[in-house]
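This is what each chain is made of:
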Amino acid sequence: MPDFPYINARVRAMRSRLLTPAQLEDLLAIASLPALLQALASTPYAHDLQESLTRHDRIRAVDEALARNLHRTTRSILEWADGPARDLILVMLVRWDAANLRTLVRGMHAGRPAEEMAEAFLPAGTLSEVVLREMAGQPSIAGLAGSLEAVNHPLAEAMSEAAAEYAATGDLPGLELRLDRAFVGWGLLRTRQGGASAAALRRVLQAETDLTNVKTALRLAAAGDLDEEIRTKHFIPGGALVTPELFVGLSATRTQVGAWRQLRTSGFPVKDPPADLVAFEREVDLAMARGLAGHYRGDPLGLDIVIGYLAMKTAEVANLRLIARGKSIGLAREAVRRELVLV
């Protein structure tokens, strides 16, 4: 079993520097972006913000400071580990790379400018904000694939294959599916052994895969009476609860009630099929984030401490970005509060 006591001792020290709910509420109550910048100067983000303000103005400076702080934090945790412990932590970081790659391919497909795509990055993985911005500046998805190959990324081969198929078909969902399946397969392969810590991370990957499949199935059902073969193509193997047959049942309105009953029986926490997909997705995403943060109270000698802390840290950074953006465009405090991820 990987030896985590040294890593966890340092992670606990970082946990003590996270902002409290009261501090977050104080930042939310600030009236303007300049006042928020001043308040952030008395937080653990002060040094990064000071450096960023020498290069950028206001909201861009906040984005860069938060991104640099988050990336340095996650890289530090990875560098403290070696052997099996490092392998497991790497899987956790590549989870975030996969999410950022989805942001990139969606933005490129839609023809969005690089700066707009960068606003959605959360660089908690192995790819820093600088690297992600360079990738966002690539002229095509094929160029993005080449950038991943250049840094020897674990998903580089899958991206290259997906990019080639996308160039021929323009099929964005197919590209995303290839990436998702590649990451899930890669991650599950690396959690097959390693004792309790590997098992804990494997359960996280399976739960996230189940959640993705449920959300996808519901979107397919909302899209109308699609052919079963088309619906089946959107399934991602690797979850613990959602089988291909259950996915097909959830993805059609005529079979959804029975399939949902089966899903609940297997352990999915939501009682009824949702009437509002947007509200449902936010509800289950928030439940997943809180569940991950809850790992911090798990095995004190295993990976749970790292899983929980990273969930809290990424939520904090995401919340600070939301607050800063709200101040920059004059959003009401309650409107911003509704979007916060409070774990």
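In what follows, the structure referred to is the one given above.
Presented here is an overview of the structure given in this document.

## Section: the overall build of the protein
For the protein, the helix and strand inventory stands at 18 helices and 0 strands. On C-alpha atoms alone, the protein measures out to a radius of gyration of 20 Å, which is about the 20 Å that the 2.2 N^0.38 rule sets for 343 residues. Counting all 343 residues of the protein, 49% fall into the buried class. When the 40 basic and 41 acidic side-chain charges of the protein are each reduced to a single mean position, those positions are 4 Å apart.

## Section: the environment of threonine 314
You can see threonine 314 is positioned in helix 17 (residues 304-329). Separated by 182 residues in sequence, threonine 314 and leucine 132 place their C-alpha atoms 17 Å apart. Beyond its immediate sequence surroundings of up to four residues, threonine 314 is in contact with Leu70, Trp96, Leu122 and Ala124. At 3.2 Å, the side chain of threonine 314 forms a polar contact with the backbone oxygen of alanine 311.

## Description of the packing of aromatic side chains
The final tally for this structure, using the stated rule, is 4 aromatic pairs. Note on tryptophan 260 and phenylalanine 280: the rings are 6.0 Å apart at their centroids and 65° apart in plane angle, and the pair reads as edge-to-face. Note that tryptophan 260 is positioned in helix 15 (residues 253-266) and phenylalanine 280 in helix 16 (residues 277-293), a separation of 20 residues in sequence. With respect to burial, tryptophan 260 and phenylalanine 280 carry one shared label: buried. Feature note: the residues Trp260, Phe268 and Phe280 constitute an aromatic cluster, connected by ring pairs. The ring of tyrosine 296 has arginine 15 sitting right over it, with the charged end atom 5.6 Å from the ring centre.

## What to know about the side chain of histidine 56
In this fold, histidine 56 is placed in the loop between helix 4 (46-53) and helix 5 (58-80). Accessibility expressed as a relative area gives 17% for histidine 56, which makes it buried. If we skip the residues at most four places from it in the chain, histidine 56 touches Ala61 and Glu64.

## Here's the deal with helix 8 (residues 129-136)
Turning to helix 8, its buried residues number three or more, namely Glu129, Leu132, Arg133, Met135 and Ala136. Taken down its axis, helix 8 places every buried residue within 160° of arc, on the same side. Exposed residues lying more than 90 degrees from the buried face of helix 8 are Val130 and Glu134. Summarising the contacts, the buried residues of helix 8 are in contact with helix 5, helix 6 (83-110), helix 7 (114-118) and helix 9 (141-150).

## Here we look at the packing of helix 2 (residues 21-29) against helix 17
Where helix 2 meets helix 17, the axes come as close as 9 Å, and the angle between the chain directions of the two elements is 15°. Here helix 2 is positioned roughly parallel relative to helix 17, judged by the angle of their axes. Between helix 2 and helix 17 the crossing geometry is right-handed. Residue-level inspection shows Leu24, Leu27, Leu28 and Ala29 of helix 2 in contact with helix 17, the latter providing Asn319, Leu320, Ile323 and Lys327. Tallied by class, residues from the contact of helix 2 with helix 17 come to 6 nonpolar, 1 polar and 1 charged.

## Considerations on the environment of leucine 331
Within the secondary structure layout, leucine 331 lies in the loop between helix 17 and helix 18 (333-337). C-alpha separation for the pair leucine 331 and isoleucine 305, spaced 26 residues apart in sequence, amounts to 35 Å. For leucine 331, the contacting residues outside a window of four places in its chain are Gly326 and Val336.

## Structural notes on the pattern of salt bridges
When charged atoms on two side chains of opposite charge get close, those side chains can pair. Scanning all chains against the criterion turns up 20 salt bridges. Measuring nitrogen to oxygen at the nearest pair gives 3.3 Å for the salt bridge that ties arginine 112 to glutamate 116. A salt bridge links glutamate 115 to arginine 133; the shortest N-O distance between them is 2.9 Å. In this pair, glutamate 115 sits in helix 7 while arginine 133 sits in helix 8, placing the two residues 18 residues apart along the sequence. Judged by its relative accessible area of 37%, glutamate 115 falls in the partly exposed class. The class for arginine 133 is buried, based on a relative accessible area of 17%. Each member of the salt-bridge network shares a partner with another, and the members are Arg60, Glu115, Glu129 and Arg133.

What counts and what doesn't
- Residues numbered from 1 in each chain as written.
- Predicted model: local features only at pLDDT ≥ 70, side-chain atom pairs only at ≥ 80, totals over all residues.
- Heavy atoms only, no water.
- Helix = DSSP H or I, 4+ residues; strand = E, 2+ residues; numbered from the N terminus.
- Rg over C-alpha atoms; globule rule 2.2 N^0.38 Å.
- Buried < 20%, exposed > 50% of the residue type's maximum accessible area, 1.4 Å probe, protein only.
- Lys, Arg positive; Asp, Glu negative; His and termini not counted.
- Charge placed at Lys NZ, Arg CZ, Asp CG, Glu CD.
- Contact = heavy atoms within 4.5 Å.
- Polar contact = N/O pair within 3.5 Å; in protein donor to acceptor, adjacent residues only side chain to side chain.
- Phe/Tyr/Trp six-rings, centres within 6.5 Å; stacked < 30°, edge-to-face > 60°.
- Lys NZ or Arg CZ within 6 Å of the ring centre and 35° of its normal.
- Arc of directions from axis to C-beta.
- Axes fitted to C-alpha atoms, helices over the stretch in contact; angles between N-to-C directions.
- Parallel < 35°, antiparallel > 145°, perpendicular 65-115°, else oblique.
- Left-handed = near helix turned anticlockwise from the far one by under 90°.
- Nonpolar A, V, L, I, M, F, W, Y, C, P; charged D, E, K, R; others polar.
- Salt bridge = Lys/Arg side-chain N within 4 Å of Asp/Glu carboxyl O.

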